[in-house]
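Structural characterization, general
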Amino acid sequence: MLPRSRRETTRLLFLISPSLFWLTLFFVLPLLLVFAISFGQRGTYGGVRWNLTLENYGRFLDPLYLRIFGRTIVIALTTTLICLLAGYPLAYFIATRPARWRNSLLLLLMIPFWTNFLIRTYAWLLILRDHGLINTLWTGVLHNFMLWAAAAVPLPLWDPLVSATASPLPLFGSNLAIIIGLVYGWLPDMVLPCYAAIERFDFSLVEAAQDLYANRRKTFLRVILPLTMPGIVAGSILVFIPSLGAYVTPDLLGGAKSVMIGNVIYSQFMSARDYPFGSAISLVLMAVMLIGTLLYFRLGTENEVN
Amino acid sequence: MSEYAVELNKITKHFGPVVAVDGISIFIHDGEFFSLLGPSGCGKTTTLRLIAGFELPTAGQVFIGGQLQGDTPPYRRPVNTVFQNYALFPHMSIYQNVAFGLEMKKTPKQETRPRVLDALEMVQLPGMEKRKPNQLSGGQQQRVALARALINRPKVLLLDEPLGALDLKLRQAMQLELKALQHRVGITFVYVTHDQEEALTMSDRIAVMSEGRVLQLGSPEEIYDRPANRFVADFIGETNFLGGTIRTSGPDEWVVMVDGVLPVHLPAGEGLRVDESVTVAIRPEKISIHVEPPDSRAVPGVVAEVVYTGTDTRYLVRLTERTMVTVRQQNIGVGPAVRFPAGVQVHLHWRPESARLLTA
């Protein structure tokens, strides 16, 4: 960077001071507060006793919380992966349509997300629960068909199918339900950055690769994928971080059985009124996000064009 | 084995209702420098892409080295392409770019390295292998694209206006270099360009294309001196066109009456009758300009405009009410370049065989 005169520095400080002020007020100060509380103790009536202790971080090492935290990471990673596998091809499809179609297709992708997030998650509840859409078809239509088929053509192969369709699928309250909800919720956050990267991609490079004996698979792996990696990295971070901290989706779709770390933090603040422990978990979560993001960024930018 | 490196047999290519290539047949010899020349939209790039396999013909066959290509994908054809925008892989080093073709063909590593270094040596870019494409100039990127294609020793090298993005001086230097390189490696080059001078400079043979068809195919000399029709005469170099009708058709010499008033002498042609409308094409540099008529064939006119361009002086001479011709005089000596100022009565002269009789 060029050396700056003192006057210029003052001027720049002055110019960024409004944003600096709001950042400090709404971001740095609350974060410092959380940081400070995490070293306190829960007061008898839910307040915070300000005595310096690492006890809250110690409590987090309890297998109960570690298991929830581990499950949270697995769910978030699975969600990111599924979003990538579904979102990248979709982004590729949209980006390779004629220009006049692209905006309409992107709009179609966005329209469902103008509905409130809570309502969309409730919709999934109605689809996935024991008497929901899927299970009505499963135990109703499909079960009746199996009974009819077994009566019409008596073969032993029908028996397991008849008994399987007799009871509803255990969708609601499972990790699967949470993942479905999260993938649905964050898919556009994967598609948009991937779309931006693919749309910028120079497709004459595909012809160059093919001209140099690369088949479709090699062309994708050696040319398209590395050059659209920045979009994949951005999209993955945009999906992974909110999934890791997810709270509404597991609360509605995970039932009592599948709990994520976001729900633990919520209950510490709202039910247990243990602010110090809740703060400690929040900071651990933040640290994991930060480290993960930095590692991932490094991975992605290694391939990037300088 | 066919003696042809590339054989296009009645190739047609439609893009929806648009006919890009309209039933052309071209036979390109082994080791030839062959150019497809024409204005933009004439189908020359489509023809190149049909050879490369990026497009498949609507009708007709493509043979490369005697092998029918059918719907063979580009990555299985023994050709390589130098693209107009170079299309270097921006995320790879120059070394990786040049080695890409060998890598895809699973060439052993110990063989790859010397070949990459040789290829870079050949295009005069030694020591650049660690750089990225965006650290090179346009001319250097162009050389990398050439090395990346030639390293694979293709049967045919396809070049799609590779010098289009370079400035004039560099382009002229690269033209000679490309020609020399082609001689050295002995690979058949198929070169697409809209620049007639470029095509004339480098090619063994040229196909002049317009609206999806080949209008004339021949050596640069044939194309320049004996254009088959008005389009070729007009597109290649500069030409004066004189419209008239055939007056007399003797055994050796014909006279064409330009605009009904001015007799012009030409060597006898074939298949034309008296009173038929024709066009006489004559190159500006083949006309000489005189104060006194040198012989009975000289054509009188009045100098209308004089332009001094350094190497030449160009005279615009009015012959009749409707017809003006450009005369180009090379400035061989030093001294007053404008010998015939505007308004002066002059006589133009050319050898009968320099003029060309065109029906279209």
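Residues numbered from 1 in each chain as written. Chains lettered and ligands numbered in written order. Predicted model: local features only at pLDDT ≥ 70, side-chain atom pairs only at ≥ 80, totals over all residues.

**Side note on the overall build of chain B**
For clarity, the cut-off: Where helices and strands are cited, they refer to DSSP runs of H or I of at least four residues and of E of at least two residues respectively, numbered from the N terminus. Three exposure classes are used. Buried residues have 20 or more other C-beta atoms within 10 Å of their own C-beta, exposed residues have 12 or fewer, and partly exposed residues fall in between, all C-beta atoms being placed from the backbone. Each residue gets a C-beta atom placed from its backbone, and two residues are in contact if those atoms lie within 7 Å.
Check the secondary structure of chain B and you find eight helices and 20 strands. Out of the 360 residues in chain B, the part that is buried amounts to 38%. Restricting the contact set of chain B to residue pairs at least 6 apart, pairs at least 24 apart contribute 64%.

**What to know about the pairing of strand E12 (residues 253-258) of chain B**
Residues and elements named next belong to chain B. This is how the line gets drawn: We treat two strands as partners when DSSP finds at least two bridges between them.
Burial of the side chains of E12 is restricted to one face: Trp254, Val256 and Val258 are buried, whereas none of Glu253, Val255 and Met257 on the reverse face is. Strand direction decides the pairing type here: E12 and strand E13 (residues 262-267), joined by six bridges, are antiparallel. Among the inter-strand pairings, Glu253 is bridged to a residue of E13, identified as Pro267. Taking the residues that link successive antiparallel strands as the turn, the E12-E13 hairpin has three residues, and the phi of Asp259 there is positive, at about 50°.

**Looking at the sheet that holds strand E9 (residues 205-210) of chain B**
Residues and elements named next belong to chain B. Keep this limit in mind: Every angle, taken between N-to-C directions, lies between 0 and 180 degrees, and every axis is a line fitted to C-alpha atoms, over only the stretch in contact when it is a helix.
Reading across the sheet, the six strands line up as E6-E7-E8-E3-E9-E10 and stay open at both edges, with mixed pairing between neighbours. The sheet is open, and its two borders are formed by strand E6 (79-82) and strand E10 (213-218), each paired with just one other strand. Strand-to-strand twist across the sheet, computed as the mean angle between neighbouring axes with direction ignored, equals 20°. Here strand E7 (residues 156-160) runs beside strand E8 (residues 188-193); their pairing, made up of five bridges, is parallel. For Leu159, the partnering residue across the bridge sits in E8 and is Tyr191. Helix H4 (residues 138-150) rests against E6 and E7 of the sheet, and its axis sits at about 175° to E6.

**What to know about unusual backbone geometry**
Residue and element names in this part refer to chain B. Positive phi values are uncommon outside glycine, yet Gln124 reaches one of about 60°. For Gln124, a count of 11 C-beta atoms within 10 Å translates into the label exposed. Of note, Glu161 is a non-glycine position whose phi angle comes to about 40°, a positive value. Along the chain, the position of Glu161 falls in the loop between E7 and helix H5 (168-185).

**What to know about the interface of chain A and chain B**
What counts here: Gly counts as polar in this scheme, as do all residues outside two lists: the nonpolar Ala, Val, Leu, Ile, Met, Phe, Trp, Tyr, Cys and Pro, and the charged Asp, Glu, Lys and Arg.
Contacts between chain A and chain B engage 17 residues on the former and 18 residues on the latter. When residues of the side of chain A that touches chain B are traced back to their parent elements, those giving at least two are helix H9 (204-211) and helix H10 (216-244) of chain A. At six residues, the largest contribution of residues to the side of chain A that touches chain B is made by H9 of chain A. Of the residues in the side of chain A that touches chain B, the class split is nine nonpolar, five polar and three charged.

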